[in-house]
Amino acid sequence: MPTTAKWVWLADRIREQIASGELAPGAKLPSMMEFRRDYGVSQMVVRNAILVLKSEGLIYGVPGVGVYVADRDDAPSG
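Residue numbers restart at each chain and count upward from 1, following the sequence in its written direction. Local features in a predicted model are, by the rule used here, given only for residues with pLDDT of at least 70; side-chain atom pairs are given and counted only at 80 or more, and totals for whole chains, interfaces and linings are based on all residues. Excluding hydrogens and water, the side-chain figures rest on all heavy atoms present in the structure.

Caption draft 1: Highlighting the overall build of the protein. Looking only at helices and strands, one finds 3 helices and 2 strands in the protein. With 78 residues in all, the protein has 31% of them scored as buried. Secondary structure elements follow DSSP: runs of H or I of four or more residues count as helices, runs of E of two or more count as strands, with numbering from the N terminus. Only protein chains enter the accessibility calculation, which uses a 1.4 Å probe; a residue whose area is less than 20% of its type maximum is buried, one above 50% is exposed, and one in between is partly exposed.

Caption draft 2: How the structure looks around the nonpolar core. Here the nonpolar core consists of buried residues drawn from Ala, Val, Leu, Ile, Met, Phe, Trp, Tyr and Cys, with membership extended through side-chain atoms lying within 4.5 Å. Among the nonpolar cores identified, the biggest contains 18 residues, and Leu 10, Ile 14, Ile 18, Leu 29, Phe 35, Ile 50 and Ile 59 are the most heavily contacted of them. For this core, the elements supplying multiple residues, two or more each, are helix 1 (6-20), helix 3 (43-55) and strand 2 (66-69). Ignoring any residue separated from it by four or fewer positions in sequence, one finds Leu 29 in contact with Ile 14, Leu 23, Phe 35, Ile 50, Ile 59, Val 67, Tyr 68 and Val 69. Here, residues are in contact when the closest pair of their heavy atoms is within 4.5 Å.

Caption draft 3: Up close: the packing of aromatic side chains. Classification of ring pairs uses Phe, Tyr and Trp, with its six-membered ring standing for Trp, and accepts pairs whose centres are within 6.5 Å; under 30 degrees between planes counts as stacked, over 60 as edge-to-face, and the remaining range as tilted. Taken as a whole and judged by the stated rule, the model has 3 aromatic pairs. Site record: aromatic cluster; members linked through ring pairs are Trp 9, Phe 35 and Tyr 39.

Caption draft 4: Focus on the environment of Ala 70. Considering the arrangement of structural elements, one finds Ala 70 in the segment after strand 2. Taking the C-alpha atoms as reference, Ala 70 lies 8.3 Å from Ala 27; in sequence the two are 43 residues apart.

Caption draft 5: Structural view of the pattern of salt bridges. Salt bridges are defined as contacts in which a side-chain nitrogen from Lys or Arg sits within 4 Å of a carboxyl oxygen from Asp or Glu. Tallied over the entire structure, the rule returns 4 salt bridges. Where Arg 13 meets Glu 16, a salt bridge forms, and the shortest distance between an N and an O atom there is 2.7 Å. Here Glu 16 and Arg 13 lie together in helix 1, a separation of 3 residues that amounts to about one turn. Looking at Arg 13, the relative accessible area reads 22%, which means it is partly exposed. With a shortest N-O distance of 3.1 Å, Arg 37 and Asp 38 are connected by a salt bridge. Given a relative accessible area of 58%, Arg 37 falls into the exposed group. Residue Asp 38 is classed as partly exposed on the basis of its relative accessible area, which comes to 49%.

Caption draft 6: Main features of the pairing of strand 1 (residues 59-62). Any two strands are treated as partners once DSSP identifies two or more bridges connecting them. Looking at chain direction, strand 1 and strand 2 are connected through 4 bridges and run antiparallel. If you follow Ile 59 over to strand 2, its bridge partner there is Val 69. What sits between strand 1 and strand 2 in their antiparallel hairpin is a turn of 3 residues, with Gly 64 showing a positive phi close to 75 degrees.

So, in structure tokens, the structure goes:
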């Protein structure tokens, strides 16, 4: 497990997946429950990682639908 804050560690993992193309623009991210199960972290850790990636413009949320990898040219805010 990470030596840095868990949410920073998780955000870094997601960034790596986006950079490598494993998560391509338009790809839907796993649900919060899937992140919690797969990485053994709390809901707050997932939420904080998602919030920081949204603020960086790497991902965006669609209320009631999910969180997606942004196309850096036309990602909606929020």
